[in-house]
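Chain by chain, the residues:
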Amino acid sequence: MAAKPNTQQYISDHITDFVINKGYGVKGLSETGIKTVPEQYIQPLEERTMNRVMVAESIPIIDVSNWDDPKVVSSICDAAEKWGFFQIINHGVPIQVLDNVREATCRFFDLPAEEKNKYSKDNTVSNNVRYTTSFLPHVEKTLEWKDYLSLFYVSEDEASKLWPSVCKDQVLEYKHESEKVISRLLQVLMKGLNVTKVDSEKEKLLMGSRRINLNYYPICPNPELTVGVGRHSDVSTFTVLLQDDVGGLYVRVEAKDSWVHVPPVKGSLVINIGDVLQIFSNGRYRSIEHRVVANGSNDRISVPIFVNPRPTDIISPLPEVLADSGENPIYKPVLYSDYVKHFYKKAHDGKLTIEFAKI
Ligand SMILES: O=C(O)CCC(=O)C(=O)O
Ligand SMILES: [Fe+2]
């Protein structure tokens, strides 16, 4: 006698095939008009609820129209130590450039699934351009309600050949326009560590590569059951994040055992410290856990630029930091590409990635 088909299993396999293999993503799923999130998106209770949200507090908003102003320098360094997250305004990246990259992101995700799927793991011509859904759908027990395109920048030439034509010019423009802000931020953050000499070698070590993600979070029928992005810290030196006006990014405040919302501020960029800067600074600047909630009434997009070392760099506490503080290193030297590989081997798990580099 033939085995009775397991209906639940059949539906689940079908959804996985549609969302992941065929490239429809959660955007495609959302557009079917589905009324409840499929089982594989239902997160454990502790991952989808935030017990304590502080509404009275928020991360600093810093006006950087004068980067040389000592008050600007101290606000940034204090925010990096206390919060690991802050927003900057009057940063000089034209609003038009930010609007253009947001529009370009929508254009990419509005492409038919077959077009987007040309950039999936199995079809893409280069690992430097990758379209996928959730975070690591083949590794995770429970999926996240997000699709994304991840672009590792190698050169103008490569980007213009390989990046999707509906968004490449706008993403490149956003990257170029942000470079001045990125250099300034690095200088200021190093000043706060008493690292006064940042020559070109050191600059490459601290920020020699860029990854840009286009994140798309479609409307979700049961936002309370799932997440947009689960709890994680970034594996960058720092991240420059552009969000739209929907909101939903929450940042962990460890000292208060709670979370704060990062409200959309027109024209601002959100900056957060990543694990690599926590390692370089021997724990003085801290990468902070963050998460994105799913949304029941709006699609949301965000565009982070991950400012990273080069894959071939060895990351460890900076000698200047150890000499200045007299501290022993709490992290061992690790090849950056090994660190990143470790991150991409497991589902989002809060701040656990950095354990990999602990002595
Ligand atoms: O969408 C956001 O606001 C944050 C996304 C994020 O944390 C990430 O891509 O690492
Ligand atoms: Fe992140």
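Residues numbered from 1 in each chain as written. Chains lettered and ligands numbered in written order. Predicted model: local features only at pLDDT ≥ 70, side-chain atom pairs only at ≥ 80, totals over all residues.

Draft legend 1. Examining the pairing of strand β9 (residues 258-261) more closely. In terms of strand pairing, strand β8 (residues 249-253) meets β9 through 4 bridges, oriented antiparallel. Note that in β9 the partner of V253 across the bridge is S258. A loop of 4 residues connects β8 with β9, the two strands running antiparallel in sequence, and D257 in this loop sits at a positive phi of about 50°. (Pairing = 2+ DSSP bridges. Helix = DSSP H or I, 4+ residues; strand = E, 2+ residues; numbered from the N terminus.)

Draft legend 2. Representation of the site of ligand 1 within the structure. All residues in the neighbourhood of ligand 1 are listed as N213, N215, V229, D234, L241, Q243, L249, H290, V292, S302 and P304. For the shell around ligand 1, the secondary-structure elements that each account for two or more residues are β5 (209-217), β7 (238-243), β11 (290-293) and β12 (300-308). Class assignment for the residues of the shell around ligand 1 results in 5 nonpolar, 5 polar and 1 charged. (Near = placed C-beta within 6 Å. Nonpolar A, V, L, I, M, F, W, Y, C, P; charged D, E, K, R; others polar.)

Draft legend 3. Fine view of the packing of helix α5 (residues 95-109) against helix α8 (residues 168-191). At their nearest, the axes of α5 and α8 sit 8 Å apart, and the two run at 145° to each other. Regarding α5 and α8, the two cross each other, and that crossing is left-handed. For the pair α5 and α8, the contacting residues are V97, N100, V101 and A104 in the first and Q170, V171, E173, Y174 and E177 in the second. Of the residues in the contact of α5 with α8, the class split is 5 nonpolar, 2 polar and 2 charged. (Axes fitted to C-alpha atoms, helices over the stretch in contact; angles between N-to-C directions. Left-handed = near helix turned anticlockwise from the far one by under 90°. Contact = placed C-beta atoms within 7 Å.)

Draft legend 4. Looking closely at the sheet that holds β7. If you walk across this open sheet you meet the 8 strands as β1-β2-β10-β7-β12-β5-β4-β3, and the pairing is mixed. Bordering the open sheet on either side are β1 (61-63) and β3 (129-133), each of which pairs with just one other strand. Averaged over neighbouring strand pairs, the angle between their axes works out to 25° when direction is ignored. The pairing of strand β2 (residues 85-89) with strand β10 (residues 269-273) spans 4 bridges and is classified as antiparallel. When the sheet's bridge partners are listed, F85 is paired in β10 with N272. Together, β1, β2 and β10 form the strand contacts of helix α4 (residues 70-82), whose direction differs from that of β1 by roughly 155°.

Draft legend 5. Quick look at α8. The end-to-end C-alpha separation of α8 is 34 Å, in line with the 34 Å expected for 24 residues at 1.5 Å each. By the largest-angle criterion, E179 marks the main kink of α8, which is about 35°. (Expected span 1.5 Å × (residues − 1). Bend = angle between axes of the 7 residues up to and from the residue.)

Draft legend 6. Here's a closer look at the nonpolar core. Core analysis: the largest hydrophobic core is formed by 90 residues, its most contacted members being F85, F86, V171, V251, L269 and I271. In terms of residue count, α8 provides more of this core than any other element does, 6 residues in total. Setting aside its immediate chain neighbours within four residues, L269 contacts Q87, I88, H91, V93, V240, L241 and L242. (Core = buried A, V, L, I, M, F, W, Y, C linked by C-beta atoms within 7 Å. Buried ≥ 20, exposed ≤ 12 C-beta atoms within 10 Å, placed from the backbone.)

Draft legend 7. Here's a closer look at the UniProt feature "domain: Fe2OG dioxygenase" (unreviewed entry) in the chain. Per the UniProt entry, the sites bearing "domain: Fe2OG dioxygenase" (unreviewed entry) are residues 208-309 in this numbering. Along residues 208-309 the backbone is 6% helical and 47% strand, and the end-to-end C-alpha distance reaches 5 Å. (UniProt positions renumbered as here; feature names shortened; annotations may be inferred.)

Draft legend 8. Summary view of the packing of α4 against α8. At their nearest, the axes of α4 and α8 sit 9 Å apart, and the two run at 75° to each other. The angle between the axes of α4 and α8 places the two elements in the roughly perpendicular class. Contacts between α4 and α8 pair V73, I76, C77 and A80 from the former with V188, L189 and K191 from the latter. (Parallel < 35°, antiparallel > 145°, perpendicular 65-115°, else oblique.)

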